[in-house]
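What follows is the residue order along each chain.
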Amino acid sequence: MRHLLALLSIFPWRTLPSYWKARAYRPYKARYFHNLTGPILELGAGSGVNFAYYPRGAPLTVIEPNTRLHPWLHWRAKQAGLPLTCIANPAQLESFPAHAFQTVVGTLVLCAVPQPQETLQHIRRVLRPGGSYVFLEHILAPPETRQRRWQQRLNPWFRRYLAACDCHRPTDHTIAQVFPHAHTTHFQLPGGFPLTNRYLIGRATT
Ligand SMILES: C[S@@+](CC[C@H](N)C(=O)[O-])C[C@H]1O[C@@H](n2cnc3c(N)ncnc32)[C@H](O)[C@@H]1O
C-alpha cells in the first residue's frame, strides 16, 4: 500500500492527455522511431512516452526542465532498462561536446523552446556523423485557412493559459532549414485539439 501511494504521488497526472494522444501517434512513430541507438539525448521528455522506443541498455540523457517529472522519468527508465541522466537546465544543450550522441529525439518540444532554430543547430552539432534526429512536432495550418487565422489569434491565450507553448510557429520550415534532407510525413489527428492537430513527424540522418 505504501508503494502504491508513493507511485501515485509521483505520477504526472497533468500529462494524462499526452497518454491518450500517445496511442494516436503510435502508428506514425512506428515508421520513424525504430532502430534507435545510443547514446540517446531526448529534449523535453515529459512523462517519458518515448522511452518505449529505446533499446534496453542504451545510455539515455534527457533534458526536462519540469523537475517534478524527474522521479517519474527515473522510475520509467528503470522499468525500461535505460541508464538515465536527467538534466533540468535546458542551457545544458549548448554545453554538450560536438558529436556526443548517436540519436537525438524531440517530440512536441520545439513549440516550447525559446529559439527553435538555435536548438536545431545544437541538435545537429551534438549528433555524430551518421546519427539520427527523430521528431514529431505540431505545425501551422496552410496559409489563408481559418485554422491558421485562429492559430494566430489565439496563440497568446494558448501560450499563457493552456499549454505553455506556441501554436503559431512554422516549425516544419525551421526543421527543413537545418535538416533539409529529413524524411518526413505530415498528418492530422481528426478530433484533436483544433489549434494543434496538424503534425510533422520524421527522421534526419547526418
Ligand atoms: C508538450 S510536452 C511534450 C512531452 C513529450 N515529449 C511528449 O511527446 O509527450 C513539452 C515538454 O518540453 C519541456 N520543455 C519546455 N521547454 C524546454 C526546453 N527549453 N528544453 C527542453 N525541454 C523543454 C516541458 O517541460 C515539457 O515536458
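Just so it is clear, the structure is predicted and the values come from calculations on it, not from any experiment. (Residues numbered from 1 in each chain as written. Predicted model: local features only at pLDDT ≥ 70, side-chain atom pairs only at ≥ 80, totals over all residues. Heavy atoms only, no water.)

Asker: Run through the state of the cysteines, naming residues and quoting values.
Answerer: Following the criterion strictly, the structure yields zero disulfides and no others. Cysteine C86 remains unbridged, with the sulfur of C111 as its closest cysteine sulfur at 19 Å. (Disulfide = S-S within 2.5 Å.)

Asker: Requested: an account of the environment of H99, with residues and values cited.
Answerer: Looking at the secondary structure, you find H99 in the loop between α4 (92–95) and β4 (101–107). H99 sits in the partly exposed class, given a relative accessible area of 46%. As a C-alpha pair, H99 and G57 span 42 residues in sequence and 20 Å in three-dimensional space. Those residues in contact with H99 that sit more than four places away from it in its chain are R125, V126, L127, R128 and P129. Here the side chain of H99 touches L127 through a polar contact of 3.0 Å, landing on its backbone oxygen. (Helix = DSSP H or I, 4+ residues; strand = E, 2+ residues; numbered from the N terminus. Buried < 20%, exposed > 50% of the residue type's maximum accessible area, 1.4 Å probe, protein only. Contact = heavy atoms within 4.5 Å. Polar contact = N/O pair within 3.5 Å; in protein donor to acceptor, adjacent residues only side chain to side chain.)

Asker: Could you give an account of the site of the ligand, naming the residues involved and the relevant values?
Answerer: Contacts to the ligand come from 16 residues, most closely from G44, E64, P65, T107 and L108. Here G44 contributes a backbone N or O atom positioned 2.8 Å from a nitrogen atom of the ligand. In this structure, E64 approaches the ligand through a side-chain N or O atom, which is 2.6 Å from an oxygen atom. If the ligand stood free it would expose 590 Å²; the protein chains cover 77% of that surface. Of the residues that constitute the shell around the ligand, the class distribution is 10 nonpolar, five polar and one charged. (Near = heavy atom within 4 Å. Areas by Shrake-Rupley, 256 points an atom, 1.4 Å probe, with all protein chains shown as cover. Nonpolar A, V, L, I, M, F, W, Y, C, P; charged D, E, K, R; others polar.)

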